[in-house]
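Each chain is listed here by its residues.
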Amino acid sequence: MDVFGSFALVLAFICAVYAFGGGIAAIITRHPLLIKSTRQAGMATCCLIFLATFSLEYLFFSDNFSIAYVVSHSNHDLSTFYKIAALWAGQEGSLLFWSFLLAIYVFSVLLTYRNKNGELMPYVGVVMAGVQIFFLTLNNFVASPFKVLASPGADGLMHYVARADGNGLTPLLQYPEMVIHPPNLYSGYTGFTIPFAFALGALLARYPGEKWIHLTRKWTMIAWMFQSMGILLGAHWAYAVLGWGGYWGWDPVENASFLPWLTGTAFLHSVMMQEKRGMMKVWNVWLVFITFLLCILGTFLTRSGVVSSVHAFARSSIGAWFVSFIVLIILVCLGAYLKNRDYLKSENQLDSIVSRESSFLFNNLILLVSCIAILSGTLFPVFSEWITGDRISVGAPFFNKVNIPIGLLLLFLTGVGPLLAWRKTSTESLKRNFGWPLAIGVAAGVIAFTFGFRQFYSWICLILCVFVASTVLLEFYRGARVIRARSGASFMASAVDLTMRNTRRYGGYIVHMGMVFVFIGLAGAAFNRDIQKDMRQGDTLQIGPYTLVLQGFETKPEKNYTAQRLLVEVLQDNKPTMMLYPEKRRFSTTEENGTMVAIYSTLKEDLYVVYSGSSPDTQLPVIHAYLNPLVKWIWLGGVVVVFGTLVAMLPNRRAVLVLAAAPQPVGQPVATGLPSSVTLREGHD
Amino acid sequence: MTKARSVAVIAILALFATASLLIAPLGAQQLSERAKQVGTKIKCMCRGCEMPASTCSHPGGAFSGMCDTAKGMLKEVDQHIAKGETDEQILQAFVQEYGTQVYTEPPKSGFSLVAWALPSVYLFVGAGVVIFVIARWRKRSVEETAPASGAPGISAELLERARARASRETQD
């Protein structure tokens, strides 16, 4: 199977080279058969990558311990579930996994547009094949996952050897979220290849800018959604597994995943400027180029170990390849831009400073400032070492200080931006849209202050959250009220109807609401408390309204590890509430330890209990308990964001369908085919 | 009189005794609380984690709480506090011992100031660009019909033809 996998990868590389070279020839000659054959070569590349990936999974499932990668990341007793995750546990496999996810996107694109956009697709195909060639080069020649174990025999020749068992999967990855977090994040990273390929392809084809944005909107949103989910799942994994009570440590690899998200978010907003007003075409092309570059940079940081991080299990020396690729992309993008920039002429005009247009400009400004600040902070230790010889570390406190004010500014714009009108916003509409939300926000601030809510940033954050939530709810309320007045449906049904008529706009509002939830959760971090104590059986520990009583200790041998659990009874206001079982796991193969945090999560706060192990001094079990307010809102916000993105991707339901569904007097023609102008106010984004 | 005086003396002594009893543990508590505070500014130097000494924990270690290195560092902080040193002096003592890598955030002096200044520079430069762009676009809006400055290198007709070609050649 390893030979099969290697062979599939080599063939995939050859097909990708053909798709690339043939694609360029097809662009020049315009020969229909050549265009068709390069498209099919592109699809064949993808199928071969699928086969290679499945054969590596097969090697995991069949416990083939003659393969170096399987030996390093699996063992006989590893559960089936985690054998799937073992695929991306190390560098070779995760690079193959990158190719695999990219292949899914490329295949979908080639299939979707097989009979469409015949002139543009060869360009897009060439760009996609170019990216695939880079990763297939790594898969084939730099970091092959199919290497077999061999040792020199007595005859001086190399002989295959097979181990009896593998080294096992690192315990940090043996957690359900690790089976879904990397695929999500990688789907985000790889997904931005598609808008990138369309942007570069359209520029090379001398299209004047509008088309590629229109064609790639959904692809961009899919990538963005996966990126968002990937980041939040990673945060949740850190929270539930690492056991230090936090979810975001500004680790370089975390930062690397956050950077393309920021520019991707900026892009999702600024494309609207182009669609509605024909503005910012150059900027949008560059935003998508930068987002793609940051995705490659993110993969590079994750997989190279240039900057030290908790993700250090994926270190390597493939840095030079990535740096060369990044330089190459920059050169190609720059060249294409300089050659064809005249086709990106924008109709940049601004009627008023108080307008949707300028709010988008500031939105982009803040997202980009945050992105560059995080990037330069992450790389500062490297720079300082170059320049002064001293490596000055930049840790979480720095990133928090820099990004909290930026985040709050962004939150403010989230509330203001969507309600400003295109072109010019009248004072009257400002009053109408912001009067109540502002009053409610300030009132919430005053109430919170009188109840002793004194942490400055959290207080501002609370006011802004209430303000933004009010603006969003008010929008739904107003729209739904109009529909209800006409259709007589319930308020809820009217709100759903409203959303379905302009999915993009109201889906966007839902995403904003999700972000408000996330910010509520982040604001809670200012009030985190923790306490650590050596505990005898029967000892109690008090944190907030909770009393923890250590009832016992048990050791449970499992298939792949031995679990030591504490039995902790939780009393809330002195009433027995529940049992928690914080756990420490000892993995037999790797002799490493894992932590299973016990969390009692409510909307108000999380009781987060860690069994830290036995105290080196007293040999007693140590409990580290945290009280983390509002954390659950972050995960809840993530769910809402994903839901909103999915809504925004739905096609708009035409209002005529609603009219048709309404009871019609017998004998009258059903109101189909009416122009949309007869419906309610046409929504805009 | 003497009896009253002796009662008063005993009362005062008792008061001092209880006060000192009250103050002593309170003092100790404050000390470690401050050590914890200072401990957020120095990195645990065990090289097994990248966390501040106060919140050091070892994911995947046998003991996932504060490691011996971090504990040692906090004890050292306590000793410095006992000597009456300021936070800054304590921090400098650690820099002497471990080098600049001990910082959890760059110090606000010397070359590290660059790290702190950069985000503001980005914001101001960026805001400047945005304001400049807005001003230019507004001006163009006023001149509406006048040909835009920096006219494109290709004719409007060519651009229109490219646009027509793009819509002809693509469909959603």
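Residues numbered from 1 in each chain as written. Chains lettered and ligands numbered in written order. Predicted model: local features only at pLDDT ≥ 70, side-chain atom pairs only at ≥ 80, totals over all residues.

(A) Broad picture of the overall build of chain A. Helices and strands together make up the secondary structure of chain A, namely 20 helices and 12 strands. The globule rule puts the C-alpha radius of gyration for 685 residues at 26 Å, and the 28 Å found for chain A is close to it. Projected onto the principal axes, the alpha-carbon positions of chain A cover approximately 85 × 75 × 70 Å. In chain A, which comprises 685 residues, the proportion classed as buried is 50%. Across chain A, every contact between residues at least 6 apart in sequence was considered, and the portion connecting residues at least 24 apart equals 71%. (Helix = DSSP H or I, 4+ residues; strand = E, 2+ residues; numbered from the N terminus. Rg over C-alpha atoms; globule rule 2.2 N^0.38 Å. Buried ≥ 20, exposed ≤ 12 C-beta atoms within 10 Å, placed from the backbone. Contact = placed C-beta atoms within 7 Å.)

(B) Fine view of the overall build of chain B. Secondary structure assignment for chain B yields five helices and zero strands. Order of helices (α) and strands (β) in chain B, N terminus to C terminus: α-α-α-α-α. When contacts within chain B are restricted to residue pairs at least 6 apart in sequence, those whose partners lie at least 24 apart make up 44%.

(C) Structural detail: the sheet that holds strand β3 (residues 529-534) of chain A. Residue and element names in this part refer to chain A. In space, the four strands of this open sheet follow the order β3-β12-β11-β10, with antiparallel pairing throughout. Both edges of this open sheet fall to β3 and β10 (598-601), since each of them pairs with a single strand only. Between one strand axis and the next, the sheet turns through 15° on average, direction left out of account. Bridge count for strand β11 (residues 605-614) against strand β12 (residues 621-629) is nine bridges, and the pairing is antiparallel. Each residue of the ladder has a partner; that of D606, found in β12, is N628. (Pairing = 2+ DSSP bridges. Axes fitted to C-alpha atoms, helices over the stretch in contact; angles between N-to-C directions.)

(D) Seen up close, helix α6 (residues 121-142) of chain A. The end-to-end C-alpha separation of α6(A) is 30 Å, in line with the 32 Å expected for 22 residues at 1.5 Å each. Burial runs high along α6(A): 16 of the 22 residues are buried. (Expected span 1.5 Å × (residues − 1).)

(E) Region of interest: the environment of R653(A). Mapped onto the elements, R653(A) comes out in the loop between α19 (632-649) and α20 (655-661). Counting along the chain gives 508 residues from R653(A) to P145(A), while the straight-line C-alpha distance between them is 47 Å.

(F) Layout of the packing of helix α9 (residues 210-242) of chain A against helix α10 (residues 252-277) of chain A. Residue and element names in this part refer to chain A. Two elements in contact, α9 and α10, have axes whose closest approach is 9 Å; the angle formed by their N-to-C orientations is 150°. Taken as axis vectors, α9 and α10 run roughly antiparallel relative to one another. Viewed along their axes, α9 and α10 form a crossing whose handedness is left-handed. When α9 is examined against α10, the residues E210, I213, T220, A223, W224, Q227, S228, G230, I231 and G234 are found in contact with a partner set consisting of E254, S257, F258, P260, W261, G264, F267, L268, V271, Q274 and E275. (Parallel < 35°, antiparallel > 145°, perpendicular 65-115°, else oblique. Left-handed = near helix turned anticlockwise from the far one by under 90°.)

(G) Here's a closer look at the nonpolar core. All names here are of chain A. Within the largest apolar cluster, 207 residues are counted, with the highest numbers of intra-cluster contacts made by A12, A199, F289, C465, V516 and F519. Looking at this core element by element, the count peaks at 20 residues for α9. Not counting the four nearest positions on each side in its chain, C465 is found in contact with V516, F519 and I520. Within the second largest apolar cluster, 17 residues are counted, among which are L550, Y608, V610 and V622. (Core = buried A, V, L, I, M, F, W, Y, C linked by C-beta atoms within 7 Å.)

(H) Spotlight on the pairing of β11(A). All names here are of chain A. A large share of β11 lies buried, amounting to eight of its 10 residues. As judged from the four bridges shared by β10 and β11, these two strands associate in the antiparallel manner. Bridging across to β11, S601 finds its partner in D606. Between β10 and the antiparallel strand that follows it, β11, lie three residues. Following β11, the chain reverses through six residues before pairing antiparallel with β12; Q619 in that reversal takes a positive phi of roughly 65°.

(I) Expanded view of the interface of chain B and chain A. On the side of chain A, 61 residues touch chain B, which itself brings 49 residues to the contact. Among the secondary structure elements, those contributing two or more residues to the side of chain B that touches chain A are α4 (113-143) and α5 (156-169) of chain B. When grouped by side-chain class, the residues that make up the side of chain B that touches chain A number 23 nonpolar, 17 polar and nine charged. (Nonpolar A, V, L, I, M, F, W, Y, C, P; charged D, E, K, R; others polar.)

(J) Looking closely at the pairing of strand β7 (residues 575-580) of chain A. All names here are of chain A. Direction of pairing for strand β6 (residues 561-572) relative to β7: antiparallel, over a ladder of five bridges. Residue Q572 lies in a different strand from β7, and its bridge partner there is K575. Counting the residues in the hairpin turn of β6 and β7 gives two residues, including D573, whose phi is positive at 50°.

(K) Summary view of helix α15 (residues 427-450) of chain A. Residues and elements named next belong to chain A. An ideal rise of 1.5 Å per residue puts 34 Å on 24 residues; α15 measures up with 32 Å between its terminal C-alpha atoms. A bend of about 45° at F434 is the largest found in α15, and the proline P437 appears one to four places after it. All buried positions along α15 are accounted for by N433, P437, G441 and A444. Buried residues along α15 sit against α14 (396-416) and α16 (456-487). Downstream of α15 by a residue or two, G452 has a phi angle that is positive, lying close to 90°. (Bend = angle between axes of the 7 residues up to and from the residue.)

(L) Structural context of the packing of helix α7 (residues 176-191) of chain A against α9(A). Residue and element names in this part refer to chain A. Where α7 contacts α9, the two axes come as close as 7 Å, and the packing angle between them is 145°. Considering how the two elements wind past one another, α7 and α9 form a crossing that is left-handed. When α7 is examined against α9, the residues E177, M178, I180, H181, N184, L185, S187, G188 and G191 are found in contact with a partner set consisting of W219, I222, A223, F226, Q227, M229, G230, I231, L233, G234, H236 and W237. Residue composition of the contact of α7 with α9, by class: 11 nonpolar, nine polar and one charged.

(M) Main features of the domain arrangement of chain A. All names here are of chain A. Annotation of chain A at the domain level lists domain 1 (1-173), domain 2 (175-394) and domain 3 (532-627). One C-alpha centre belongs to domain 1, the other to domain 2; they are set 24 Å apart. Contact with domain 1, which involves 28 residues of that partner, is made by 27 residues of domain 2. Broken down by secondary-structure element, the contributors of at least two residues to the side of domain 1 that touches domain 2 are α4 (80-85), α5 (91-112) and α6. (Domains from an automatic or database assignment.)

(N) Representation of unusual backbone geometry. Residue and element names in this part refer to chain A. Located in the positive-phi region is W250, a residue other than glycine, with phi close to 55°. With 20 C-beta atoms packed within 10 Å, W250 lands in the buried category. A positive phi angle, close to 65°, is found at L630, a residue other than glycine. On the secondary structure map, L630 appears in the loop between β12 and α19.

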